[in-house]
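Residues per chain, in single letters:
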Amino acid sequence: MINKDIVFLNRDFKDSRELLSSISEELLSKGYVKDSFREGIMKREEEYPTAIQAENFSLAIPHTDSEHILKPGIAFVRLNNGCDFKEMCTNEDIKVNMAFVLLVKEKEKQVSLLTKLMGLFSNNDILEKLYKENDPSVIEAMLNREIQ
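As the structure is a computational prediction, the values presented were derived from the model and not from experiment.

Here is what the cut-offs are and how they apply
- Residues numbered from 1 in each chain as written.
- Predicted model: local features only at pLDDT ≥ 70, side-chain atom pairs only at ≥ 80, totals over all residues.
- Heavy atoms only, no water.
- Helix = DSSP H or I, 4+ residues; strand = E, 2+ residues; numbered from the N terminus.
- Rg over C-alpha atoms; globule rule 2.2 N^0.38 Å.
- Buried < 20%, exposed > 50% of the residue type's maximum accessible area, 1.4 Å probe, protein only.
- Contact = heavy atoms within 4.5 Å.
- Areas by Shrake-Rupley, 256 points an atom, 1.4 Å probe, with all protein chains shown as cover.
- Lys, Arg positive; Asp, Glu negative; His and termini not counted.
- Charge placed at Lys NZ, Arg CZ, Asp CG, Glu CD.
- Salt bridge = Lys/Arg side-chain N within 4 Å of Asp/Glu carboxyl O.
- Arc of directions from axis to C-beta.
- Polar contact = N/O pair within 3.5 Å; in protein donor to acceptor, adjacent residues only side chain to side chain.
- Pairing = 2+ DSSP bridges.
- Axes fitted to C-alpha atoms, helices over the stretch in contact; angles between N-to-C directions.
- Parallel < 35°, antiparallel > 145°, perpendicular 65-115°, else oblique.
- Left-handed = near helix turned anticlockwise from the far one by under 90°.

Novice: Would you mind showing me how to read the overall build of the chain here?
Specialist: Along the backbone of the chain there are five helices and five strands. The N-to-C order of helical and strand elements in the chain reads β-α-α-β-β-β-β-α-α-α. Taken over the C-alpha trace, the chain has a radius of gyration of 14 Å; the compact-globule value for 148 residues is 15 Å, and the two agree within 12%. The principal-axis extent of the C-alpha atoms belonging to the chain is close to 35 × 35 × 30 Å. For the chain, buried positions account for 48% of its 148 residues. Within the chain, contacts between residues at least 6 apart in sequence are counted, and of these 69% link residues at least 24 apart. When the accessible area of the chain is evaluated, it comes to approximately 7400 Å², of which 46% is carbon and sulfur surface. Placing the 20 positive and 26 negative side-chain charges of the chain at their respective mean positions leaves the two points 4 Å apart.

Novice: What's the story with the pattern of salt bridges in this structure? I'm lost.
Specialist: Pairing between side chains becomes possible if they bear opposite charge and their charged atoms approach one another. Counting across every chain of the model gives eight salt bridges. Across the salt bridge formed by Arg11 and Glu26, the nearest N and O atoms sit 2.7 Å from each other. Pair noted here: Arg11 is in strand E1 (residues 7–11) and Glu26 is in helix H1 (residues 16–29), with a separation of 15 residues, a long-range link. Given a relative accessible area of 22%, Arg11 falls into the partly exposed group. A salt bridge links Glu106 to Lys109, with the shortest nitrogen-to-oxygen separation between them at 3.5 Å.

Novice: Could you clarify how one ought to interpret helix H4 (residues 124–132) in this entry?
Specialist: What sets the pattern is the α-helix's 3.6 residues per turn: residues three or four places apart point alike. Those residues of H4 lying buried are Asn124, Ile126, Leu127 and Leu130. When H4 is viewed along its axis, its buried side chains cluster within an angular range of 160° and face the same direction. Of the exposed residues in H4, those oriented more than 90 degrees away from the buried face are Asp125 and Lys132. Turning to H4, the residues buried within the fold contact strand E3 (58–60), strand E4 (73–86), strand E5 (93–103), helix H3 (110–121) and helix H5 (136–147). By the N-cap criterion, in which a side-chain oxygen at the helix start approaches the backbone nitrogen of a residue two or three places on, H4 is capped by Asn123, the distance to Asp125 being 3.2 Å.

Novice: Mind showing me how you'd approach the sheet that holds strand E2 (residues 51–53) here?
Specialist: Pairing within the open sheet is mixed, and its five strands lie in the order E1-E4-E5-E3-E2. Single-partner strands in this sheet number two, and they are E1 and E2. Averaged over all neighbouring strand pairs, the angle between strand axes comes to 25°, with direction disregarded. Pairing geometry for E4 and E5, over ten bridges, is antiparallel. The residue bridging Lys86 from the neighbouring strand is Asp93, located in E5. Its contacts with the sheet put helix H2 (residues 37–47) on E2, E4 and E5, and the angle it makes with E5 is roughly 135°. Contacts from H3 reach E2, E3, E4 and E5 within the one sheet, and its direction differs from that of E5 by about 140°.

Novice: Would you explain the packing of H4 against H5 in this entry?
Specialist: The axes of two packed helices give the description: the angle between them and the distance between them. Two elements in contact, H4 and H5, have axes whose closest approach is 10 Å; the angle formed by their N-to-C orientations is 160°. Taken together, the axes of H4 and H5 lie roughly antiparallel to each other. Where H4 crosses over H5, the two elements pack in a sense that is left-handed. The residues of H5 that touch H4, namely those facing Ile126, Lys129 and Leu130, are Ile139, Met142, Leu143 and Glu146.

Novice: Hey, could you run me through the environment of Val104 in this one?
Specialist: Within the fold, Val104 resides in the loop between E5 and H3. By relative accessible area, Val104 is classed as buried at 5%. Taking the C-alpha atoms as reference points, Val104 and Pro72, separated by 32 residues in sequence, lie 5.2 Å from one another. The residues contacting Val104, other than those within four sequence positions of it, are Ser66, Ile69, Lys109, Gln110 and Leu113.

Shown next as structure tokens:
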């Protein structure tokens, strides 16, 4: 599900729109998404914000409809200084440290994946390791182990 070629580390973006636009272009160039992905994910994030405050980290799980996806996966994005996303319950701006961009090709798998991610988000030790690790291969292995 996680592949090191869609692990993006130490990035700087001012807000969710800039992050989603940039990551969409990279995912498009790597063959994971269709041209329509960028517009789809940005519209969905506007309508249904995805930021979550965990114990020590702020996280986001942006996603869009499966019709925009070519290859399933999760793009992991770690930010240097955080970037503004809207919190899913309050719609308030929060600085997100890490984003997990869901590339779900089969709609029926989305709820299961979100459930696994929520479990991961409650494990502060794993989040701490994800925040500090600089080897995409290690992050790939860690996330694949945690969300299988």
